[in-house]
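# Residue-level structure breakdown
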Amino acid sequence: MYVAEATAHGGREGFVSSQDGRLALQVAMPPALGGDGTNPEQLFAAGYSSCFHNALVLVGRRAGFDLTGSTVAAKVGIGPNKQRGYGLAVALSVSLPVLDQGIAAKLVDAAHEVCPYSNATRGNIDVTILLG
């Protein structure tokens, strides 16, 4: 359906750009690791939250619900893993202010099955979904 292309130069203290030129920015280490500026974890959080929100709106619409006013925020953490490398962890905070908690939970579960980011990360990193 679609293939995105991006190129990195200089790793975490470098520059990233998309093939179409719409994305072009300096990247840096996260502040907690001594950097200052946009970092890959922020980009991952932005991608995951927007993708998950789109999946949520899709399953909501299919079920007959209007999810106007809903939001998804992502927190992406990085730290050492058990294999002496580094790993990520994600916490998604979903707000569905106009829906009953039971219905909201079912839609969130369905979105987690549909979302490409959820499918790509399932079994690879810890993903926590908070419904509030």
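Here we summarise the structure given alongside this text. Keep in mind the model is a prediction, meaning the values are calculated, not measured.

Scoring rules and cut-offs
- Residues numbered from 1 in each chain as written.
- Predicted model: local features only at pLDDT ≥ 70, side-chain atom pairs only at ≥ 80, totals over all residues.
- Heavy atoms only, no water.
- Salt bridge = Lys/Arg side-chain N within 4 Å of Asp/Glu carboxyl O.
- Buried < 20%, exposed > 50% of the residue type's maximum accessible area, 1.4 Å probe, protein only.
- Pairing = 2+ DSSP bridges.
- Helix = DSSP H or I, 4+ residues; strand = E, 2+ residues; numbered from the N terminus.
- Polar contact = N/O pair within 3.5 Å; in protein donor to acceptor, adjacent residues only side chain to side chain.
- Contact = heavy atoms within 4.5 Å.

## Quick word on the pattern of salt bridges
As enumerated under the stated definition, the model contains three salt bridges in all. Here Asp20 makes a salt bridge to Arg22, at a shortest N to O gap of 3.9 Å. The class for Arg22 is exposed, based on a relative accessible area of 77%. With a closest N to O distance of 3.8 Å, Glu113 and Arg122 form a salt bridge.

## Some points on the pairing of strand β2 (residues 15–18)
Note that strand β1 (residues 6–9) and β2 share four bridges and pair antiparallel. In the strand pairing of β2, Ala6 is matched with Ser18. Between β2 and strand β3 (residues 24–26), which pair antiparallel in sequence order, lie five residues; one of them, Gly21, sits at a positive phi of approximately 85°.

## Section: the side chain of Ser49
Here Ser49 lies in helix α1 (residues 40–62). Polar side-chain contacts of Ser49 include one of 2.9 Å to the backbone oxygen of Ala45. In this structure Ser49 touches Val72, Ala73 and Ala74, once residues within four positions along its chain are discounted.

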